[in-house]
Amino acid sequence: MTDSPILGAANITKRLGGKTILDNVSLRLDKGDLKVLIGPSGGGKSTLLQCLNLLILPEKGQISLEGRDIHPRNKRELSSFRQQVGMIFQDFNLFDHLSAFENVRIALIKVKKLSRRAASERAEQELARVGLSDKGGLYPAQLSGGQKQRVAVARALAMDPKVMLLDEPTSALDPELIGEVLAVIKDLSLAGMTMLMATHQVGFSAQLADEFMFMDQGRIVEQGSPKELLVPGTRTQAFCSKITELAGEVPG
Amino acid sequence: MPTALTACIDALPSLLMGAVSTVGMLLLAMALGFVLGVPLSVAQVYGPRPLRWLAGTYVWFFRGVPILVQLYLFYFGLFALLGLNLSEFVSAAAVLGLTSSAYQSQIFRGSIQGLHAGQLKAARALGMTDRQAIASIILPQALRLSIPGWSNEYSILLKDTAVAFVIGVTEIMARTRFAASRTYEHFALYILAGVLYFVLTAVGVRLLRRLEKRVRIPGYAQQGSLV
Ligand SMILES: Nc1ncnc2c1ncn2[C@@H]1O[C@H](COP(=O)(O)OP(=O)(O)OP(=O)(O)O)[C@@H](O)[C@H]1O
Ligand SMILES: [Mg+2]
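Scope of this entry: the structure provided in the associated data block. (Residues numbered from 1 in each chain as written. Chains lettered and ligands numbered in written order. Predicted model: local features only at pLDDT ≥ 70, side-chain atom pairs only at ≥ 80, totals over all residues. Heavy atoms only, no water.)

**Re the environment of Y190(B)**
Residues and elements named next belong to chain B.
Here is step 1 of the chain: In this fold, Y190 is placed in helix α8 (residues 186-214).
Here is step 2 of the chain: Classification of Y190 as partly exposed rests on a relative accessible area of 31%.
Here is step 3 of the chain: Setting aside its immediate chain neighbours within four residues, Y190 contacts M173, T176, R177 and A180. (Helix = DSSP H or I, 4+ residues; strand = E, 2+ residues; numbered from the N terminus. Buried < 20%, exposed > 50% of the residue type's maximum accessible area, 1.4 Å probe, protein only. Contact = heavy atoms within 4.5 Å.)

Right, dumping it as structure tokens:
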């Protein structure tokens, strides 16, 4: 593919506390891709995802959206960029003082400047899409972990993102709740959403992902389709079988 | 009737007038303290370095200098120097408000810093500017958490209004002194003044407690018995 990627990262380097956390990382996400980041804890997955939507500013490197370089110093450009890059966090980060419905709606009003009416309609639609139409009035503290994460997905989708970044979206969930969140992610992927997800759900990923990226010590050390990488002798294979052995896995 | 009781009954209307003036100063000062305290706290947490330093210095000054000294400094010094012709009442309320803003800013700062960092991250990730995130995500949560501390500030500031009598505001203390010097019933009259302050404290604290319950975020247990 020679077209510009939806999201591109070139030579991202990030140092924190005197340590190189990301070491010259480059990647691209093309339309409809589901790429999966795996690797040992502390490898830099979360840092990379946050650099990709410029929640963390890398020291070096360039992020681009549909071929356009992003300049984080330009506040308007940064805001518009982030609107187009949905982010899902491990611990949900729903706004605690707002109901599920208001969580989905608030950025439509404040950022997208939709009328309250249009924003409310859109919020209803997105909640319906993640199967939570009847929970809109509940507050984060009244929702289960799985429901919170689905609200977070609805909140991100309401902004019409061109790409979604997911940082271990199911890691904070009880095993019986993982399935409902993975089902939503699967639907999204099948609907053509471009996504990059850090996860330990290797079985689910092996079925759906276009590409695995194995990260260790701030570098992508292996990269390829699940078929290519899940063969004896790769670090990816060794890592994945260790995880499945240790944790078992709830099938998506 | 014992003279002490007579003195109290006679002085009551005057002391109640004084209470109006006390409460007036208090409300103005709380309001000014809030209006200045919120941006001060935001500046201290999120401001660029020079602004943080400026806000910090302001807070140091007002927390470090006795309120009586400030009252003299402002009333006889700065306000006069600036050619501001403020009444005693307004001057006292202004000084109390400036001091209160320093204390209130620390209440708000504590609440802001107690919020999970993910709240700001999530707001930014949706494209909110920092200003939008602070206004619609951070402050609504931080201010809720600040109500107990704010209720403390209310009760402390209420009693601080008593210093205003030194520049001639006819609040509760000034009127109590006046009545006492006429009747020599110091003990009884100061008990009466104490009761007035106590009642005003209780009313305000109750109202704030009610506010706290009304704006409580559903699902968060804020009190209950340990089992
Ligand atoms: N603010 C910080 N200051 C210093 N070091 C940091 C900071 N944030 C992260 N790190 C370090 O960066 C490294 C990468 O962290 P990161 O959270 O990106 O890893 P991860 O791959 O997401 O791990 P996990 O699978 O546990 O989520 C870790 O060694 C971590 O200690
Ligand atoms: Mg992580």
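Now that the structure is up, let's keep going.
**Here's the deal with a nonpolar patch on the surface**
Here is step 1 of the chain: Among the surface-exposed residues, F187(B), I191(B), V195(B), F198(B), V199(B), V203(B) and L207(B) lie close enough to one another that they form a single nonpolar patch of about 730 Å² accessible area.
Here is step 2 of the chain: The residue V195(B) is located in helix α8 in this model. (Patch = residues over 30% accessible without salt bridge, like charges linked within 9 Å, V, L, I, M, F, W, Y side chains within 5 Å. Areas by Shrake-Rupley, 256 points an atom, 1.4 Å probe, with all protein chains shown as cover. Salt bridge = Lys/Arg side-chain N within 4 Å of Asp/Glu carboxyl O.)

**Observations concerning the pairing of strand β9 (residues 211-216) of chain A**
All names here are of chain A.
Here is step 1 of the chain: Counted residue by residue, β9 has 6 buried out of 6 residues, so it is predominantly covered.
Here is step 2 of the chain: Of the two faces of β9, the one carrying E211, M213 and M215 and the one carrying F212, F214 and D216 are both buried.
Here is step 3 of the chain: Bridge analysis of strand β3 (residues 34-38) against β9 gives 4 bridges, and the strand direction is parallel. For I38, the partnering residue across the bridge sits in β9 and is F214. (Pairing = 2+ DSSP bridges.)

**A closer look at the side chain of Q147(A)**
Here is step 1 of the chain: Looking at the secondary structure, you find Q147(A) in helix α5 (residues 145-157).
Here is step 2 of the chain: Residues in contact with Q147(A), not counting those within four places in the same chain, are L132(A), K135(A) and E180(A).

**Comments concerning the packing of helix α2 (residues 49-64) of chain B against helix α4 (residues 88-114) of chain B**
Residue and element names in this part refer to chain B.
Here is step 1 of the chain: Viewed as axis vectors pointing N to C, α2 and α4 meet at an angle of 115°, and their least axial separation amounts to 8 Å. As for how α2 packs across α4, the hand of that crossing is left-handed. Of α4, the residues touching α2 (which contributes Y58, V59, F62 and R63) are L98, T99, S101, A102, Y103, S105 and Q106.
Here is step 2 of the chain: Residue classes in the contact of α2 with α4 are distributed as 6 nonpolar, 4 polar and 1 charged. (Axes fitted to C-alpha atoms, helices over the stretch in contact; angles between N-to-C directions. Left-handed = near helix turned anticlockwise from the far one by under 90°. Nonpolar A, V, L, I, M, F, W, Y, C, P; charged D, E, K, R; others polar.)

**As for the interface of chain B and chain A**
Here is step 1 of the chain: Contacts between chain B and chain A engage 21 residues on the former and 26 residues on the latter.
Here is step 2 of the chain: At the boundary of chain B with chain A, total buried surface from both sides reaches about 2,100 Å², with 63% on carbon and sulfur atoms.
Here is step 3 of the chain: Contact with chain A buries area across many residues of chain B, yet K121(B), A125(B) and L126(B) alone supply 27% of it, more than any other trio.
Here is step 4 of the chain: Counting every contact that joins chain B to chain A gives 0 salt bridges.
Here is step 5 of the chain: Linking chain B with chain A are 7 residue pairs in polar contact (both at pLDDT 80 or more), by the criterion used here.
Here is step 6 of the chain: Mapped by element, the contributors of at least two residues to the side of chain B that touches chain A are α5 (117-125) and α6 (130-160) of chain B.
Here is step 7 of the chain: With 7 residues, the top contributor of residues to the side of chain B that touches chain A is α5(B).
Here is step 8 of the chain: Of the residues belonging to the side of chain B that touches chain A, the class tally is 10 nonpolar, 8 polar and 3 charged. (Buried area = accessible area lost by both parts, 1.4 Å probe. Polar contact = N/O pair within 3.5 Å; in protein donor to acceptor, adjacent residues only side chain to side chain.)

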